[in-house]
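# Remarks on the overall topology
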Amino acid sequence: MLTLRHLSRVYPLKSGPYFALRNINLEIKEGEFVSIMGPSGSGKSTLLHILGLHDSEWEGEYQFADTDVHRLGKSARADLQKKNIGFIFQAYHLIDDLTVAENLEVPLSYRNVPRKERQAIVCDTLDRFHIVGKRDLFPSQLSGGQQQLVGVARALVAHPTLLLADEPTGNLHSDQGHEIMELFRKLNREDGVTIVQVTHSIENADYGSRIVRLADGMLVNN
Amino acid sequence: MLHDLRLALRQLARSPGYAAVVVLTLAFGIAVNTNIFGFVSTFFLQRMPVPDADRVVLVTQRSESWPTPHAISFPDFQDYRERLRSMESMLAYQPMPAHLGTDDGRAAQRAWIEVATPGAFTALAIAPQLGRVLVPADGEAAGGAPVIVLSHRGWQQRFGGDPAIVGRTIRVNNRPFTVVGVAPERFTGFSPFLAVHGFVPTGALDTLRANGSGMLEWRNAPMWRVLGKLRPGTTLAAARAEADIATAQLVREHASTHQGVSAAIIPEHRARPDPMVADFLPLLALFFLGQVALVLLIACANVANLMIARAAARQKEFTVRAALGASRGRLVRQMLVESLVLAAVAGVVGWLLSTWTAPLLSALVQQGDLPVNQDPGPAWPINLFTAAVSLVAGIGSGLLPALRASRVDLVSQLKEGPGAGIGRSRHRLRDMFVVNQVMFSLVVLVFAGLFTRSLQRARSVDIGFRSERLLLASFDLTLQRYGDEPARQFCAALLERVRALPGVEDASLTSSTPFDYSIGMRDVFPENPPPSLRYGSTNVGCAAVAPGFEHMLGLQALAGRPLDATDTATTRPVAVINAAFAERCWPGQDALGRRFQPWRDGPWIEVVGVVATAKYMMLSEAPRPFYYTPLAQGLEGPVNLLVRTTGDPAVLAAPVRSTLAALDPNLPVYNVRTMEEMMANSLFAFLPLRMGALLSSIQGVLGLGLAVLGLYSVVAFGVAQRSREIGIRMALGASAGSVLREVLREGLRLTLVGTVAGLLFSIVLGIVLSKFLFGMSALDPLVLCAGVAVLLGVAAVACFVPARRATRTDPAVVLRAE
């Protein structure tokens, strides 16, 4: 599904170029659940944001399904992202001024889904994640686990084929973390969603099918 | 879009304080713009309420001795009408006062009417509301029918809207006139600036006034306003070229009276309220529009600053939205919708504010005798302007913050959290806004100072006479059909009785009061004219006065004698001239005993006295030649009673009115006011400077307040942003004083940059606009220094408050929160 060839990410600094990622070659197949691990500053999150098409300032080749991402322009990349990718953040990043239902509606509104259809999809999603009772609450009225559950629901509401998660349990206590990881496993096995997560926890990494390790911006174990 | 609108409304409902500050800030800016635009629209933008108003032009003349565009003589009008093929139709009219009465025994009342060529209504395609309009059969030449078409206002005010008014006989100047119709409500007069009571054909002039028909015959009496309607497709340039040729012909044909005369054709709406001020009034209006636009600019910069601060606080939201698929355009649209919603609310509030304050502004100008048209015209141009200004304010204040805030760096902001979004460039943008605010507010402050100082200078200028403790009252014996002898007896009796009133020091009479609209102007022909008078004549001002007038007014006698009781209708015509007259006509010679004719081949008038030159028409006028003749040797038109009192002149208003009423209960008396009131409200004296000073001061205070608010919010926001840094510094030993100095330095740095830019801008603008100032330079050091001092002082206070708050930062609390 994803193929990276000789991918590098360089930050030009006053003191000289800084290689956040260096010559990464990686393949992730459809239906895989991959965990990226490594010490702080090893380039995990940078790699995840490149996979999620948030960052476009890299060199090398990136193939997403049959599409050569490195040949795409800005707008085509944005379309590819909207159509295929969902993202989960460590800090949840829910919009404080919107209710749970409205937070779920946001990605759909950017995909030009008609209003009635949006509302139907949001209702289904709320039901699927058992958060119907929270639909009119604001993020500040939810616990951390509940917020991350909404974050996962929001990432999946537009039915992406690839789910990217940046330390999704980093701000949760262990019980809540396990619930989220169980959910990931279910989504991967039952719904066939390809998942790539960044994690520091070997326990969480064990939920996946493969571990990719990074150190100093280089792939050390795949 | 509806989704964005809903979000915007909710965001604003969540932050009522922020919304209120933004709405009020913009509303003040919008309100002052709407108010000033209302004035400008009434004067210059509204067309006459007639079909094809864009084709209506004013045909005027200039001459060497009278270089501003002015009215023309009736014979000239007739020649133009015959010769100008570019005009589809032409008409002449003249506003004049009249005494309107009925036969029911009630006293006549003074009103203004327009005497117009009888084809005037047809020429402009004006249909009557009742009856008929004037028609050619009513007569253009002397001997026409004594008929009148009432204006809608006259019909309502004087005759209670009587539906049976057509066919009734009323008295105009004590003569019977038949009402033949009522003009439509929107048509207030051929001069849209006025709201007259009726229209009389030129043929009825001799019925209306003694010697009225002479006004239709005198070639050298420029007293008629002429309107022309251009033929469809004819350009103004073509009409002007044709008028130049026709005028050259007139100059050739009437060389004795028309030397140096040229034509000036002006679109009607550019010649208000009088063609004489057509050259500079639009520029003045543009200046005030520009100044209020600056106030709006300051308000927009202020709001933009608030929006940047708010966008910074919402950076996380924008980042997440971008990460979820929002394009930059969608983010910009969302923020612009918010600022447009705020601007729309501000537009409504601003419109309400302007509606409430417009009457207050109008009240500053007291109504004189001239019936100024108070109808503001259709509301849609002003409403459209308010909507446009609101839209501009919404986009102007919201666009840059939206563009900045939508430029999100997803990777770093998602990794590092919401604080990562506030970069140096965003601070620079805020700094730029503050610098602009300070700059513009200094500009409006400086102009407030310049106008105020101008007004002070104008008040202290030597006008050549004593204006204090003077009461004025006007009446018109000619309109009341007094003969010469009864009029003389009336005046003598009046002066005797008024001088006997307690509290009266002296009293006199004059045909024209300084700075009033009724000054007489004439081309006089001196005996043995100097070579400098190319055509042997010169344009001078004149007034007929009662004995002792010069002394009563306080004119400084230079030579000869004053006019006195020995100057009667039967003695030789004499005059007292001013020094400018003597210098113009007999430079370096003794003027006493010299003679001049008041018009070509007129009677010789001998100079018996010379007084110092005073101000007669405008404060800023160059020394104007002027002469006084005895009232006893020629009394025509209005008479102004001037009463010098020992105390407050206003107290004498009632006794003076009673004295006049005792002499003739049917004589309308008008313009009873003090000289100081008259000068304050005269377009030719203090009114422009007074309005300028007031409007500039309001704008100055608003601008300063808004700029200070902007500066305060920037410094306060900076302190809030740097609270962690300040906490660390204090934990490391920084003293409260050093923190205070550092925060103050940042705010004052912006103020200083803005002040320098504002000074330069003020100086450049001041040089351009110095013609509107009186007796001073736009580079007046006192005003510039005072403006800078006020701005710096207030800015220092605005910076000090948040700086002081910064010194109270508790490092333990801040760092624990981190």
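Please refer to the structure placed before this passage.
This write-up is about the structure you can find in this document. Predicted, not measured: the structure shown is a model, and the values here were computed from it.

Let's shift gears to the overall build of chain A. The secondary structure content of chain A amounts to seven helices and 10 strands. A burial count over chain A gives 52% of its 222 residues as buried. In chain A, 70% of the contacts between residues at least 6 apart in sequence involve partners at least 24 apart. A total accessible area of about 10,200 Å² is found for chain A, and carbon and sulfur atoms account for 47% of it.

To continue, consider the overall build of chain B. The secondary structure content of chain B amounts to 24 helices and 21 strands. Looking at chain B alone, contacts between residues at least 24 apart form 80% of all its contacts between residues at least 6 apart. For chain B, the exposed area adds up to about 32,800 Å²; of that, 61% sits on carbon and sulfur atoms.

Residue and element names in this part refer to chain B. Interhelical geometry of helix α1 (residues 2-14) versus helix α2 (residues 16-45) gives an angle of 100° and a closest axis separation of 5 Å. In terms of orientation, α1 lies roughly perpendicular with respect to α2. Facing α1, whose interface residues are L12, A13 and R14, α2 presents P16, Y18 and A19. Looking at the contact of α1 with α2 residue by residue, the classes come out as five nonpolar, no polar and one charged.

Within this structure, the stated rule accounts for 31 salt bridges over all chains. Each of the salt bridges in this network shares a partner with another, and the network as a whole consists of B:R466, B:E468, B:R469 and B:E505.

Before going further, it helps to spend a moment on the interface of chain A and chain B. It is common to give the size of an interface as the accessible area lost on bringing the parts into contact. Opposite the 25 residues of chain A that make contact, chain B presents 20 residues. Note on chain A versus chain B: buried area summed over both sides is about 2,100 Å², and carbon and sulfur give 54% of it. A per-residue breakdown of the area chain A buries against chain B is headed by A:H93, A:D97 and A:Y110, which together make up 30% of the total. For the salt bridge of B:R10 with A:E102, the shortest nitrogen-to-oxygen distance reads 2.2 Å. Taken together, chain A and chain B are joined by four residue pairs in polar contact (both at pLDDT 80 or more). Top contributing element to the side of chain A that touches chain B by residue count: helix α3 (residues 100-109) of chain A, with four residues. In terms of residue class, the side of chain A that touches chain B is made up of eight nonpolar, eight polar and nine charged.

Looking now at the pairing of strand β12 (residues 504-510) of chain B. Residue and element names in this part refer to chain B. In terms of residue burial, β12 counts as a mostly covered element, since six of its seven residues are buried. Across six bridges, β12 lies against strand β20 (residues 639-645) in antiparallel orientation. From the neighbouring strand, T510 faces β20, where its bridge partner is N640.

Residues and elements named next belong to chain B. Overall, the coordinates contain 24 aromatic pairs over all chains when judged by the stated rule. A ring pair is formed by F74 and F77, whose centres lie 5.3 Å apart and whose planes are at 55°; its orientation type is tilted. In this pair, F74 and F77 both sit in helix α3 (residues 74-83), three residues apart, roughly one turn of the helix. F77 matches F74 in its accessibility class, with the two residues each being buried. An angle of 85° between the planes, with centres 5.6 Å apart, marks the rings of F190 and F199 as edge-to-face. Each member of the pair, F190 together with F199, is buried. Taken together, the aromatic side chains of Y93, F121, F187, F190 and F199 make up a single cluster linked through ring pairs.

Residues and elements named next belong to chain B. Structurally, the position occupied by V226 is in strand β9 (residues 225-230). For V226, a relative accessible area of 0% translates into the label buried. Spatially, the C-alpha atoms of V226 and L91 are 5.7 Å apart, while their sequence positions differ by 135 residues. Non-local contacts of V226, meaning those with residues more than four positions away in its chain, are made with V57, L58, V59, I72, F77, M90, L91 and A92.

Residues and elements named next belong to chain A. Taken together, four strands build an open sheet; the order of strands is β2-β1-β4-β5 and the sheet is antiparallel. Lying at the two open borders of the sheet, with one neighbouring strand each, are β2 (16-28) and β5 (67-68). Bridge count between strand β1 (residues 2-13) and β2: nine bridges; the pairing is antiparallel. Bridging from a neighbouring strand, L4 pairs with L26 of β2.

Backbone-to-backbone hydrogen bonds pair the strands of a sheet. The strands run either parallel or antiparallel. Residues and elements named next belong to chain A. Judged by pairing direction, the sheet is mixed, and its six strands sit side by side in the order β6-β7-β8-β3-β9-β10 without closing on themselves. Two strands close off the open sheet at either side, each with one partner strand: β6 (85-88) and β10 (218-221). Neighbour-to-neighbour, the strand axes of the sheet open up by a mean angle of 25°, direction not taken into account. Relative to strand β9 (residues 210-215), strand β3 (residues 33-37) runs parallel, the two being bridged by four bridges. From the neighbouring strand, M37 faces β9, where its bridge partner is R213. Packing against the sheet, helix α2 (residues 74-84) makes contact with β6 and β7 (162-166), and its axis sits at approximately 75° to β6.

In this section: the nonpolar core. Soluble globular proteins tend to bury their nonpolar side chains together. In this structure, B:L26 and B:Y628 are the most contacted members of the largest nonpolar core, which totals 115 residues. Ignoring sequence-local partners within four residues, the contact set of B:L26 consists of B:L296, B:A299, B:C300, B:V303, B:A343, B:A346, B:A393 and B:S397.

Right, let's get into the environment of B:P623. All names here are of chain B. Among the secondary structure elements, P623 is positioned in the loop between β18 (605-611) and β19 (626-630). Given a relative accessible area of 61%, P623 falls into the exposed group. Here the alpha-carbon distance between P623 and A580, two residues 43 residues apart in the chain, equals 6.0 Å. Once residues within four sequence positions are removed from consideration, P623 is found in contact with A580 and T613.

Residues and elements named next belong to chain A. Packing of helix α5 (residues 144-156) against helix α6 (residues 174-191) leaves a shortest axis separation of 9 Å and a crossing angle of 20°. Judged on the interaxial angle alone, α6 and α5 are roughly parallel. Taken as a pair, α5 and α6 cross one another with a handedness that is right-handed. Touching G144, G145, Q148, L149, V152 and L156 of α5 are Q176, I180, L183, F184 and L187, all from α6. Within the contact of α5 with α6, the residues separate by chemical class into seven nonpolar, four polar and no charged.

The next subject is helix α11 (residues 328-363) of chain B. Counted at 1.5 Å a residue, the expected span for α11(B) with its 36 residues is 52 Å, and the 51 Å between its end C-alpha atoms agrees. The sharpest bend along α11(B) comes to roughly 30°, located at B:T357, with the proline B:P359 sitting one to four residues further on.

The next point concerns the environment of B:E636. Residue and element names in this part refer to chain B. Of note, E636 is situated in the loop between β19 and β20. A sequence separation of 92 residues divides E636 from A544, and the C-alpha atoms of the two residues are 9.0 Å apart. Among all residues touching E636, those that are not within four sequence positions of it are A210, N211 and T478.

All names here are of chain A. Note that T199 resides in the loop between β8 (194-198) and α7 (202-205). At a separation of 2.9 Å, a polar atom in the side chain of T199 contacts the main-chain amide nitrogen of S201. Excluding anything up to four places from it in sequence, T199 contacts S35, I36, M37, E167, N204 and A205.

Here we come to the pairing of β8(A). All names here are of chain A. By the criterion of burial, β8 is predominantly enclosed, with five of the five residues buried. Side chains of β8 alternate between two faces, with T194, V196 and V198 and I195 and Q197 buried alike. Inspection of the sheet shows β3 paired to β8 by four bridges, in the parallel sense. Paired with F33 across the bridge in β8 is I195. Bridge analysis of β7 against β8 gives five bridges, and the strand direction is parallel. For L164, the partnering residue across the bridge sits in β8 and is V196. For the crossover that starts at β7, traverses α6 and ends in the parallel β8, the hand is right-handed.

Rules used throughout
Residues numbered from 1 in each chain as written. Chains lettered and ligands numbered in written order. Predicted model: local features only at pLDDT ≥ 70, side-chain atom pairs only at ≥ 80, totals over all residues. Heavy atoms only, no water. Helix = DSSP H or I, 4+ residues; strand = E, 2+ residues; numbered from the N terminus. Buried < 20%, exposed > 50% of the residue type's maximum accessible area, 1.4 Å probe, protein only. Contact = heavy atoms within 4.5 Å. Areas by Shrake-Rupley, 256 points an atom, 1.4 Å probe, with all protein chains shown as cover. Axes fitted to C-alpha atoms, helices over the stretch in contact; angles between N-to-C directions. Parallel < 35°, antiparallel > 145°, perpendicular 65-115°, else oblique. Nonpolar A, V, L, I, M, F, W, Y, C, P; charged D, E, K, R; others polar. Salt bridge = Lys/Arg side-chain N within 4 Å of Asp/Glu carboxyl O. Buried area = accessible area lost by both parts, 1.4 Å probe. Polar contact = N/O pair within 3.5 Å; in protein donor to acceptor, adjacent residues only side chain to side chain. Pairing = 2+ DSSP bridges. Phe/Tyr/Trp six-rings, centres within 6.5 Å; stacked < 30°, edge-to-face > 60°. Core = buried A, V, L, I, M, F, W, Y, C linked by side-chain atoms within 4.5 Å. Left-handed = near helix turned anticlockwise from the far one by under 90°. Expected span 1.5 Å × (residues − 1). Bend = angle between axes of the 7 residues up to and from the residue. Right-handed = clockwise from strand over helix to strand, strands pointing away.

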